[in-house]
Amino acid sequence: QAKARGGNVVHFYSQQMFDAFQNRLALEADLKLALLHQQFDLHLQPQIRFADRKLIGLEALLRWQSPSRGMVPPDEFISVLEYAQLMIPVGYWVIEKSYQLLTELQQQGFSELTIAINLSTAQLNDPALPALLDRLNQRYPQAAGYLEFELTESLLANNIPATIASMQLLKARGFRLAIDDFGTGYSSLSYLRQMPVDIIKIDKSFVFGMLDNQADFDIITSTIAMVRKLGLEVVAEGVETQAQAKTLTQHACDIGQGYLFSKPIPAKDIVQRLQDGLDQDGQWR
Ligand code: C2E
Ligand code: MG
Ligand code: MG
Ligand code: MG
């Protein structure tokens, strides 16, 4: 029947499929305009060192304030950006904005803070990335050396040699690298050993369950021990309660990030909120 209508028609099997397709196209069209109309923003979430409660860094998290859809969470549009080949230009915006913010924070006296930027596989494999970072390091010389990149574990499993080569280009430029959402992907420990990474971020799903579920607890404590034994830093994501923080501290987890300390903070409020968040001893409240 599709053929009878002549040539290259897309055949939909149900109204539902057609609606999903249309929604996707509309989302893609809106996202194409979002960059042009500056509807993207960064929110920054504090990272706290358990041992002394010092604020050591921030993770940059992309936000889209759409005039028609409202605030759209990244899980709903990052995959569309990737599919539509928009992740690289939007990612450039995230990276440059992070350099700007870090420079501003340094001018406000936050001289040792790091900013961690999430990088998708397309960005990691983009041959233009190293030159872009070289330019930004020149333009924002004070920020250079204080930026990190987070790579989601689930995206690291294919083409290991190419991934490692791309990672090395970043390492050579002084960026620290983190594996994000650790425990949810398929990367084996032998890959991990070959990869030039500095930081492992344990996925929040394990932290959520760690005090109710023996398996999650065992995964958390043994991952912390293994990561530290490898000489890497370990971050727990999704820390929401004092009880979780206490247990993570007891098991020598280095750093925590989560709603207990702070939700992600809009870029325009960051200086004020960090100043408010720190007590006289420079400890996070
Ligand atoms: P992620 O990199 O694992 O970031 C952590 C996510 O956990 C963030 O969600 C953060 O808001 C959330 N979170 C932090 N603490 C807690 C907590 O205590 N409880 C709960 N329930 N959630 C917590 P968000 O901002 O919605 O981002 C989702 C994902 O989108 C990120 O996960 C990251 O994979 C991706 N993403 C965000 N920004 C970017 C970006 O600029 N580029 C790329 N490629 N991906 C990004
Ligand atoms: Mg991340
Ligand atoms: Mg994560
Ligand atoms: Mg994630």
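Use the structure listed above.
In this text, all values refer to a predicted model and were calculated from it rather than measured experimentally.

What counts and what doesn't
Residues numbered from 1 in each chain as written. Chains lettered and ligands numbered in written order. Predicted model: local features only at pLDDT ≥ 70, side-chain atom pairs only at ≥ 80, totals over all residues. Heavy atoms only, no water. Buried < 20%, exposed > 50% of the residue type's maximum accessible area, 1.4 Å probe, protein only. Helix = DSSP H or I, 4+ residues; strand = E, 2+ residues; numbered from the N terminus. Pairing = 2+ DSSP bridges. Right-handed = clockwise from strand over helix to strand, strands pointing away. Core = buried A, V, L, I, M, F, W, Y, C linked by side-chain atoms within 4.5 Å. Contact = heavy atoms within 4.5 Å. Donors = N, O, S within 2.8 Å, 3.2 Å for Na, K, Ca; no water. Near = heavy atom within 4 Å. Polar contact = N/O pair within 3.5 Å; in protein donor to acceptor, adjacent residues only side chain to side chain. Nonpolar A, V, L, I, M, F, W, Y, C, P; charged D, E, K, R; others polar. Axes fitted to C-alpha atoms, helices over the stretch in contact; angles between N-to-C directions. Parallel < 35°, antiparallel > 145°, perpendicular 65-115°, else oblique. Left-handed = near helix turned anticlockwise from the far one by under 90°. Phe/Tyr/Trp six-rings, centres within 6.5 Å; stacked < 30°, edge-to-face > 60°. Lys NZ or Arg CZ within 6 Å of the ring centre and 35° of its normal.

(A) Focus on the pairing of strand S6 (residues 176-182). Counting buried positions over the seven residues of S6 gives six, a clear majority of the element. Bridge analysis of strand S5 (residues 147-152) against S6 gives five bridges, and the strand direction is parallel. Paired with Thr 152 across the strands is Asp 180, a residue of S6. A crossover links S5 with its parallel partner S6, the connecting element being helix H6 (residues 160-171), and its sense is right-handed.

(B) Representation of the nonpolar core in the model. The biggest cluster of nonpolar side chains holds 76 residues, and the ones touching the most others in it are Ile 95 and Leu 248. Here this core gets eight residues from one element, more than from any other, and that element is helix H3 (residues 87-107). With sequence-adjacent residues up to four places away left out, Ile 95 is seen in contact with Ile 117, Leu 119, Gln 123, Leu 129, Leu 132, Leu 133, Leu 136 and Phe 149. Of all hydrophobic cores here, the second largest spans five residues; its members include Ile 56, Ala 178, Ile 199 and Val 235.

(C) Main features of the side chain of Glu 237. Examined against the element boundaries, Glu 237 turns out to sit in the loop between strand S8 (233-236) and helix H10 (242-250). Here Glu 237 falls in the buried class, since its relative accessible area comes to 8%. Beyond its immediate chain neighbours, meaning those up to four positions away, Glu 237 contacts Asp 180, Asp 181, Lys 201, Ile 202, Asp 203, Lys 204, Val 207 and Gln 257.

(D) Layout of the environment of Glu 240. Considering the arrangement of structural elements, one finds Glu 240 in the loop between S8 and H10. Under the relative-accessibility criterion, Glu 240 is labelled partly exposed at 38%. Between the C-alpha atom of Glu 240 and that of Lys 171, which follows or precedes it by 69 residues, the distance is 32 Å. Not counting residues up to four positions away in its chain, the partners in contact with Glu 240 are Phe 208, Tyr 259 and Leu 260.

(E) Here's a closer look at the coordination of the magnesium ion (ligand 2). For the magnesium ion (ligand 2), the full set of protein donor atoms is Glu 59 (OE), Asn 118 (OD1), Glu 150 (OE) and Asp 180 (OD), and the range of their distances to it is 2.0 to 2.3 Å. Counting the intervening residues between successive donors of the magnesium ion (ligand 2) yields the motif E-x58-N-x31-E-x29-D.

(F) Inspection of the site of ligand 1 at higher detail. Lining the immediate environment of ligand 1, one finds 25 residues, of which Arg 63, Asn 118, Asp 180, Glu 240 and Tyr 259 sit closest. Contacts to ligand 1 include Leu 62, whose backbone N or O atom sits 3.0 Å from a nitrogen atom. Asp 180 is positioned with one of its side-chain polar atoms (N or O) 2.8 Å from an oxygen atom of ligand 1. Tallying contributions element by element places strand S2 (residues 54-66) first for the shell around ligand 1, with four residues. Looking at the shell around ligand 1 residue by residue, the class counts come to ten nonpolar, six polar and nine charged.

(G) Looking closely at the coordination of the magnesium ion (ligand 3). Looking at the magnesium ion (ligand 3), the protein donor atoms are Asp 180 (OD), Asp 181 (OD), Glu 237 (OE) and Glu 237 (OE), and they sit 2.0 to 2.5 Å from it. All donor residues of the magnesium ion (ligand 3) come from one chain, and their arrangement in sequence is D-D-x55-E. In this structure the magnesium ion (ligand 2) is found 4.5 Å away from the magnesium ion (ligand 3), and Asp 180 serves as a bridging donor for the pair. Of this pair, Asp 181 sits in strand S6 while Glu 237 sits in the loop between S8 and H10, and the two are 56 residues apart along the sequence. Glu 237 carries the same exposure label as Asp 181, and that label is buried.

(H) Broad picture of the packing of H3 against helix H5 (residues 129-139). Viewed as axis vectors pointing N to C, H3 and H5 meet at an angle of 20 degrees, and their least axial separation amounts to 11 Å. By the angle between their axes, H3 is roughly parallel relative to H5. For the element pair H3 and H5, the recorded crossing hand is right-handed. Note on element contacts: H5 touches H3 through Leu 129, Leu 132, Leu 133, Leu 136, Asn 137 and Arg 139, opposite Tyr 92, Ile 95, Glu 96 and Tyr 99. Looking at side-chain class alone, the contact of H3 with H5 contains seven nonpolar, one polar and two charged residues.

(I) Highlighting the packing of aromatic side chains. Using the criterion set out here, one finds seven aromatic pairs in the structure. Between Phe 40 and Trp 64, the aromatic rings sit 6.4 Å apart at their centres with planes inclined by 40 degrees, giving tilted as the arrangement. Taken together, the residues Phe 40 in strand S1 (residues 40-49) and Trp 64 in strand S2 connect sequence positions 24 residues apart. For Trp 64, a relative accessible area of 0% puts it in the buried group. Here the aromatic rings of Phe 40 and Phe 77 are separated by 6.0 Å at their centres, their planes lie at 40 degrees, and the arrangement is tilted. You can see Phe 40 sitting in strand S1 and its partner Phe 77 sitting in helix H2 (residues 74-83), a full 37 residues away along the chain. Overall, Phe 40 belongs to the buried group, its relative accessible area being 7%. By relative accessible area, which is 0% here, Phe 77 ends up buried. An aromatic cluster is defined as three or more aromatic residues linked by ring pairs; in this entry it consists of Phe 40, Trp 64, Phe 77 and Trp 93. For Arg 24, the ring lying beneath its charged end belongs to Tyr 83, and the centroid distance is 4.7 Å. Here the basic side chain of Lys 263 rests over the ring of Tyr 259, its NZ or CZ set 4.8 Å away from the ring centre.

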